[in-house]
Amino acid sequence: MFKKLTSFLIVVSGMILLSTTTQAKDPKIGFIYIGPPGDHGWTYMHDQGRQDIEIELGFETTYIENVPENADATRAIQKLAASGHDLIFTTSFNYMDQTLEVAEQYPDIKFEHATGYKRLDNVSTYSSRFYEGRTISGHIAAKESKTGIIGYIASFPIPEVVRGINAFMLAAQKVNPDIQIKIIWAYTWYDPAKEGDSAKTLINQGADIIVQHTDTYAPCRVAQEMGVKAFGQASDQYKFCPEAHLTAIIDEWGPYYVARAKALADGTWESTDTWKGLDSGMVQMAKYTNMHPDTKYEAIAIENALSEGKMHSFEGPIYNQAGELMVPEGEIAPDSMLLGMNWYVKGIDGQLPQ
């Protein structure tokens, strides 16, 4: 339990005594963001979770937005650590080494790193199995596409993004073995103009459905303007492109953030690794719209099967681009493979950047 000293005066027989007692002190919690809360995607949902801490627990929170994944991140994390924060959430994959660097300098402060895999006694990691949502999206896209060409806007070639592409493709191939995915690597998480231009390029190449693993609603809005369909990203983006929006993977961080802040306050916080999916509610799906009723019902059935553990996104047989068997029939890809995934599944054209 966090404590603070409280001093007050007591008058005894004309003498003034100073008495000191302790009271519980609420922890101060900080966040490091890769983009602005107004992106209505990744950072927006982390910020909604931050606000849940304030609403449900009443703890003070602060954040620094638009922090690059370089030495600037080290300085931003140090700023929070040096200004009285007891728990710091760093919310992007490439903050990993910077988080560890600062955590070693401040062993009494707790840190939580999103989507990473390196931990210390005072550093936890957490993520969601977003790839489960990509499985649902892949099925929908293959069912709804008329051209058989899907446009995919990817951010950086890290395992999380590659995993999502592969999960999407595996599900789409079950519907249409000849499905094509055209991928543009944007090398950014947040750049509405670049994301929008990428969507235009893919549509001009024949894609009639746009998928993204970047953080704004720009691709979905471009899709609507150009008369094709799209998936939102990280939050329900239906209101920005109601005629194009098929569904979106929703990142629900609030319950996790509240639980970890509460654990810090009551002294039960420990370094942990959390990776949960649809079954826990950390991954949710936006409403299914702008699709054939049969597709909607199939999507709901897949969502339920994934949630109940009756289906897995990476069930063998799975082959890589070179035709090598990576996951045998009847087996499921282990988490170790998924966490380090750096190869495309069979059927994806183009070379994966390394």
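Below, the structure is looked at part by part. In this text, all values refer to a predicted model and were calculated from it rather than measured experimentally.

1. A short note on the sheet that holds strand E5 (residues 87–90)
(1) Moving on: Strand order in the open sheet formed by six strands is E4-E3-E5-E6-E7-E13, and the pairing between neighbours is parallel. Edge strands, defined here as strands with exactly one partner in the open sheet, are strand E4 (60–64) and strand E13 (273–276). Neighbour to neighbour, the strand axes of the sheet diverge by 15 degrees on average, direction disregarded.

2. Examining the pairing of strand E8 (residues 149–154)
(1) Moving on: With respect to burial, E8 is a largely interior element, six of its six residues being buried.
(2) Moving on: Residues of E8 alternate between two faces, with Ile149, Gly151 and Ile153 on one and Ile150, Tyr152 and Ala154 on the opposite face, all of them buried.
(3) Moving on: Sheet analysis places E8 next to strand E9 (residues 180–185), joined by six bridges and oriented parallel. Bridge pairing in E9 links Gly151 to Lys182.

3. Focus: the sheet that holds strand E11 (residues 229–234)
(1) Moving on: Here six strands make up an open sheet; going across it, the order is E9-E8-E10-E11-E12-E14 and the pairing mixed. With one partner strand each, in any of the chains shown, E9 and strand E14 (283–285) form the two edges of the open sheet. Each adjacent strand pair in this sheet contributes to an overall mean axis angle of 20 degrees, direction not counted.
(2) Moving on: Taken together, the two bridges between strand E10 (residues 209–213) and E11 define a ladder with parallel strand orientation. Bridging from a neighbouring strand, Ile209 pairs with Lys229 of E11.
(3) Moving on: The sheet contacts of helix H6 (residues 192–204) involve E8, E9 and E10, and relative to E8 the element is tilted by about 160 degrees.

4. Topic: unusual backbone geometry
(1) Moving on: Residue Gly316 is joined to Pro317 through a cis peptide bond whose omega torsion reads 10 degrees.
(2) Moving on: Topologically, Pro317 is positioned in the loop between helix H9 (293–307) and strand E15 (318–319).
(3) Moving on: The phi angle at Thr115 is positive, at roughly 70 degrees, despite the residue not being glycine.
(4) Moving on: For Thr115, the position within the fold is in the loop between strand E6 (110–114) and strand E7 (123–128).
(5) Moving on: Of note, the phi angle at Ala234 is positive, near 75 degrees, even though the residue is not glycine.
(6) Moving on: Look at Ala234 and you get buried, because its relative accessible area is 1%.

5. Remarks on the packing of aromatic side chains
(1) Moving on: Taken as a whole and judged by the stated rule, the model has 22 aromatic pairs.
(2) Moving on: Plain terms: the ring middles of Tyr131 and Trp275 are 6.0 Å apart, the flat faces sit at 70 degrees to each other, and that makes the pair edge-to-face. Taken as a pair, Tyr131 in helix H4 (residues 131–144) and Trp275 in strand E13 lie far apart in primary sequence, 144 residues in all. Trp275 shares its class with Tyr131; the two are buried.
(3) Moving on: For the cation-ring pair, Arg129 lies above Trp275, with the distance from its terminal atom to the ring centre recorded as 3.9 Å.

6. Quick word on the side chain of Glu160
(1) Moving on: Within the secondary structure, Glu160 sits in helix H5 (residues 159–175).
(2) Moving on: Here the side chain of Glu160 touches His213 through a polar contact of 3.2 Å, side chain to side chain.

7. Notes on the pattern of salt bridges
(1) Moving on: Considering all chains together, one arrives at ten salt bridges under this definition.
(2) Moving on: Among the ionic pairs, Lys25 bridges to Asp86, the shortest N-O distance being 3.7 Å. Within this pair, whereas Lys25 is found in the loop between strand E2 (15–24) and strand E3 (28–32), its partner Asp86 is found in the loop between helix H2 (71–82) and E5, the two being separated by 61 residues in sequence.
(3) Moving on: As a salt-bridge pair, Arg75 and Asp72 come within 2.4 Å of each other at their nearest N and O atoms. With a gap of three residues between them, Arg75 and Asp72 both fall in helix H2, about one helical turn apart.
(4) Moving on: Salt bridges here are not isolated pairs; linked through shared partners, they connect Asp47, Arg50 and Glu54.

8. Concerning helix H7 (residues 218–225)
Count 3.6 residues to each turn of an α-helix, and residues three or four apart come out pointing the same way.
(1) Moving on: Turning to H7, its buried residues number three or more, namely Ala218, Pro219, Cys220, Val222 and Ala223.
(2) Moving on: The inward-facing, buried residues of H7 abut E8, H6, E10, E11 and strand E12 (245–251).
(3) Moving on: Downstream of H7 by one or two residues, Gly227 has phi in the positive range, about 80 degrees.

Parameters at a glance
- Residues numbered from 1 in each chain as written.
- Predicted model: local features only at pLDDT ≥ 70, side-chain atom pairs only at ≥ 80, totals over all residues.
- Heavy atoms only, no water.
- Pairing = 2+ DSSP bridges.
- Helix = DSSP H or I, 4+ residues; strand = E, 2+ residues; numbered from the N terminus.
- Axes fitted to C-alpha atoms, helices over the stretch in contact; angles between N-to-C directions.
- Buried < 20%, exposed > 50% of the residue type's maximum accessible area, 1.4 Å probe, protein only.
- Contact = heavy atoms within 4.5 Å.
- Phe/Tyr/Trp six-rings, centres within 6.5 Å; stacked < 30°, edge-to-face > 60°.
- Lys NZ or Arg CZ within 6 Å of the ring centre and 35° of its normal.
- Polar contact = N/O pair within 3.5 Å; in protein donor to acceptor, adjacent residues only side chain to side chain.
- Salt bridge = Lys/Arg side-chain N within 4 Å of Asp/Glu carboxyl O.

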